[in-house]
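Listed here are the chains, written in short residue letters.
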Amino acid sequence: MKQESKSAFSYPVKVGHISANPVTVHVSANDAELRALAKLWRVDGVSSLAADLQIARWKKDGVKIKGEVRAHIVQTCVVTLEPVESDIREPVEAILVPEGSRLARQADTDGGEMIVDPDGPDLPDTFTGDTIDAGVVVSEHVALAIDPYPRKPGAAFGERSESSAADDERPNPFAVLKDWKKD
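Residues numbered from 1 in each chain as written. Predicted model: local features only at pLDDT ≥ 70, side-chain atom pairs only at ≥ 80, totals over all residues. Heavy atoms only, no water.

What follows covers the confidence of the model for the chain. With 80% of its residues at a pLDDT of 70 or more, the chain shows a mean pLDDT of 82. In this model residues 1-5 is a low-confidence stretch, pLDDT under 50, and it forms 13 contacts with partners more than four residues away in sequence or in other chains. (pLDDT = per-residue confidence, 0-100. Contact = heavy atoms within 4.5 Å.)

Our next topic: unusual backbone geometry. For Arg42, which is not glycine, the phi torsion reads 55° and is therefore positive. As for its position among the elements, Arg42 is in the loop between helix 1 (31-41) and strand 3 (45-58). The phi dihedral of Leu81 is positive, around 65°, even though this residue is not glycine. Judged by relative accessible area, which is 65%, Leu81 ranks as exposed. (Helix = DSSP H or I, 4+ residues; strand = E, 2+ residues; numbered from the N terminus. Buried < 20%, exposed > 50% of the residue type's maximum accessible area, 1.4 Å probe, protein only.)

Below, the discussion takes up a nonpolar patch on the surface. There is a patch of nonpolar side chains on the surface, built from Phe174, Val176, Leu177 and Trp180 and spanning about 530 Å² of accessible area. With respect to the secondary-structure elements, Phe174 resides in the segment after helix 3 (165-168). Given a relative accessible area of 58%, Phe174 falls into the exposed group. (Patch = residues over 30% accessible without salt bridge, like charges linked within 9 Å, V, L, I, M, F, W, Y side chains within 5 Å. Areas by Shrake-Rupley, 256 points an atom, 1.4 Å probe, with all protein chains shown as cover. Salt bridge = Lys/Arg side-chain N within 4 Å of Asp/Glu carboxyl O.)

The next subject is the environment of Val79. Looking at where Val79 falls in the secondary structure, it is placed in the loop between strand 4 (62-76) and strand 5 (83-98). Sequence separation between Val79 and Arg151 is 72 residues; the distance between their C-alpha atoms is 6.5 Å.

Moving on to helix 2 (residues 134-145). Helix length check: helix 2, at 12 residues, gives a terminal C-alpha distance of 17 Å against a target of 16 Å (1.5 Å per residue), a fit within 8%. Those residues of helix 2 that fall on the buried side of the exposure criterion are Ala134, Gly135, Val136, Val137, Val138, Ser139 and Val142. The backbone nitrogen of Gly135 has a side-chain oxygen 3.0 Å away, supplied by the residue at the start of helix 2, namely Asp133. (Expected span 1.5 Å × (residues − 1). Polar contact = N/O pair within 3.5 Å; in protein donor to acceptor, adjacent residues only side chain to side chain.)

Summed over all chains, the structure comprises 6 salt bridges. Residue Arg70 is joined to Asp52 by a salt bridge in which the shortest nitrogen-to-oxygen separation is 3.2 Å. In this pair, Arg70 sits in strand 4 while Asp52 sits in strand 3, placing the two residues 18 residues apart along the sequence. You can call Asp52 partly exposed: its relative accessible area is 34%. Among the salt bridges present, the one from Arg89 reaches Glu68, with a minimum N-O distance of 3.0 Å. Separated by 21 residues along the polypeptide, Arg89 in strand 5 and Glu68 in strand 4 bring together distant segments of the chain. You can call Arg89 exposed: its relative accessible area is 55%. Glu68 gets classed as partly exposed once you look at its relative accessible area, which sits at 28%. Through salt bridges that share partners, Asp52, Glu68, Arg70 and Arg89 make up one connected network.

Below, the structure written as structure tokens:
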């Protein structure tokens, strides 16, 4: 998770204040943040974004964020170009470790190949300094849940005019020469 200097939705948490016992936090976006998120996600509008999170220490110097995010967005239907409203509910689970931590290193073989288990846990994200941004974690999880091709219920493409096999044939460039010797 690379943090920008000014993110669209931010909820900074000091790592030094996080204990091993999870702390429950409720975060929600204000109107200016909702407009910024709509622009960032390239959707017509975001009317709500909220999350209930549990933030706790993870293995000595890491941080674990777990919870659920909820958002209500408006997109444009790819068929009718009408507005489509979507409710998003997604679980959140993220682990963040300081840059340079041995927990952030990837396991590799002697040949330099990376070992990735697609069903296994994700590698931890890294952070710099003494602050993490839980708002960025929330907005990333919602962004990944947005339907890239939203459709209004019942919307379907109409008949398409397809070309026939005869239309796709290229003319023979020597066809004009077929009658040349007949003279």
